[in-house]
Structures are given as structure tokens and as C-alpha cells.
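# Reading the structure
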Amino acid sequence: MGIRDDIAAERRELAAVLGALTEAQWDAPSLCAGWRVREVAAHMTMAMRHSVPRIAAELVRSRGSLDRMADRLARHDTAALTAEELAVSLRDNADHPWKPPVGGHAMALAHDVIHGLDITVALGLDRRVPADRLRTVLARVTPRGARFFGAGLDGIALRADDLDWSFGSGTPVTGDAQDLLLLAFGRRLPGGRLDGAGAERFVRA
């Protein structure tokens, strides 16, 4: 399978997860600060449902801030679309060729994997990202990227205990590779998922 096939499979599998959620789960907090599960789901297909001119106009309204623009559109879309429509949108756009301006399709896969974990980990769902997809995304973890996402990994050594992957040096933090991936993208996790002397600093308050 190529990376486009991996992206399509990841989206279809996540759409199936979304389709099985209760209304309470849709309204539960995700790992994305300030967003419920439904805002994350809306964000995942934002670029597939809105035209480039619409996104550009929203970026101007948001004074050039990508974060404010993404938040504005996510909240608009969750008010306009039902939970079922959000799940169907992800499924129906499984083969959409969207990719971010930097990083190509590998970062498109990273986008879907990370946001899928924002949902499943926050809800306590035991979904495992297939190892081949996870390795593709883990290979894109860099010191520059970790700093961009505010990961706070200086002096921290991430060591996966289920895959042959490590990142950084210093105080050890160990756990499943997909949980450590979330740390590299600036997330904080529920308690009990990490081990090591540095683990507590990465637990959600």
C-alpha cells in the first residue's frame, strides 16, 4: 500500500469510530485544548469542505492567525452540521487529495493520525493505529517540529516500549509509541499512560 492508501484507510476507520459515538462522547473534551470531539472532527475535513477563497477570507478575518481561523471554522461547522454529517464527511472524503502546504502526504497522514488520537485517547477508546502508519508519522518527528507545537521536550528522552523508536535525550519518558507521538505534537495525556522520571509533566491537569 502507498501513503495515499494509508490516508484513505485511516479516514475510513476513524469515520467508523465517529459513527459509533454517543452524543455525550461527541460533546466530551478532546486532547485539543478548548475543542470537543465534534470540533476536532469538523477540523479534520475543513480543507475538504471549504474552498480556498473561503479559507483565505477566514484567515483575513482572523488577522492572519491559522489557529484563530481553524477555531472559527471548526465552531461554525459544528453549529451547521450534525454528528452524523461530520462522520460521513470524513468517510466520503477518504480519498481526497488534500495535503498541507509543508510535508506533503506524509504530513496529511500525520494530521489524520494525530487528530484521531486526540479523540480516541481523550475518550479512553482502545484504538491502535496500525504500526506501518505510525512509523510513517513517527519518522516526521523533529526537534524543530516539537518546538513549533510547544511540546516542551528539551532534556526529555522519549522511548517507545512497543516499537523500536526513540527521540531526544535526557530524563526518560516511556510509553506506547502513539502516546509518545502525541507528546511530540504538544499534547498532554490522561494519567496512567506514561512511565519514567519525566512522565508527570506530560499529564493533563
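Details of the structure are given in the entry above.
Residues numbered from 1 in each chain as written. Predicted model: local features only at pLDDT ≥ 70, side-chain atom pairs only at ≥ 80, totals over all residues. Heavy atoms only, no water.

### What about the overall build of the chain?
The criterion, for reference: For the purposes of this entry, the term helix denotes a DSSP run of H or I that reaches at least four residues, the term strand denotes a run of E that reaches at least two, and both are numbered from the N terminus. Note that the radius of gyration is over C-alpha atoms, with the globule rule given as 2.2 Å times the number of residues to the power 0.38. By definition in these notes, contact holds between two residues if any of their heavy atoms fall within 4.5 Å. Surface accessibility in these figures is a Shrake-Rupley result with a 1.4 Å probe; residues are shielded only by whichever protein chains are displayed. When charges are counted, Lys and Arg contribute as positive and Asp and Glu as negative, whereas His and the chain ends are disregarded. Note that the charge is assigned to NZ on lysines, CZ on arginines, CG on aspartates and CD on glutamates.
Across its full length, the chain carries 11 helices and 3 strands. Helices (α) and strands (β) of the chain occur, in sequence order from the N terminus, as α-α-α-α-α-α-α-α-α-α-β-β-β-α. The globule rule puts the C-alpha radius of gyration for 205 residues at 17 Å, and the 17 Å found for the chain is close to it. In the chain, the proportion of contacts linking residues at least 24 apart, taken out of those at least 6 apart, comes to 61%. On the chain, roughly 9900 Å² of surface is accessible, and the fraction owed to carbon and sulfur atoms is 53%. Each charge class in the chain can be summarised by its mean position, and for the 27 positive and 27 negative side chains these summaries are 7 Å apart.

### Observations concerning the packing of helix 1 (residues 3-19) against helix 7 (residues 83-92)
Packed helices, taken two at a time, are described by the angle their axes make and the gap between the axes. Cut-off, in case you're wondering: The angle between two axes is taken between their N-to-C directions and runs from 0 to 180 degrees, where each axis is a line fitted to C-alpha atoms and a helix contributes only its stretch in contact. Put simply, angles under 35 degrees are roughly parallel, angles over 145 are roughly antiparallel, angles from 65 to 115 are roughly perpendicular, and the rest are oblique. Two helices cross in a left-handed way if the nearer one is turned anticlockwise from the farther one by less than a right angle. They cross in a right-handed way if the turn is clockwise.
Put simply, helix 1 and helix 7 touch, their axes get as near as 8 Å, and they point 165° apart. Between helix 1 and helix 7, the interaxial angle falls into the category roughly antiparallel. Both helix 1 and helix 7 take part in a crossing whose hand is left-handed. Only Ala 87, Leu 90 and Arg 91 of helix 7 make contact with helix 1, whose side of the interface consists of Arg 11, Leu 14, Ala 15, Leu 18 and Gly 19.

### Brief notes about the side chain of His 50
To keep it simple, the criterion reads: Relative accessibility under 20% of the residue-type maximum defines a buried residue, over 50% an exposed one, and the middle range a partly exposed one, all with a 1.4 Å probe and only protein chains included. Within 3.5 Å is the distance limit for a polar contact, defined as a pair of N or O atoms, with the added protein rule that one can donate a hydrogen and the other accept it, and that residues adjacent in sequence qualify only through two side-chain atoms.
Within the secondary structure, His 50 is located in the loop between helix 4 (46-49) and helix 5 (52-61). Assessed through its relative accessible area of 13%, His 50 is described here as buried. Side chain to side chain, His 50 and Asp 77 meet in a polar contact 2.9 Å long. Look past the residues within four positions of His 50 in its chain and what remains in contact with it is Ile 55, Leu 73 and Asp 77.

### Description of unusual backbone geometry
Phi at Arg 63 takes a positive value of approximately 55°, unusual for a residue other than glycine. Following the sequence through the fold, Arg 63 ends up in the loop between helix 5 and helix 6 (66-80). Relative accessible area serves as the criterion here: at 65%, Arg 63 is assigned to the exposed category.

Geometric values such as these leave the question of function open.
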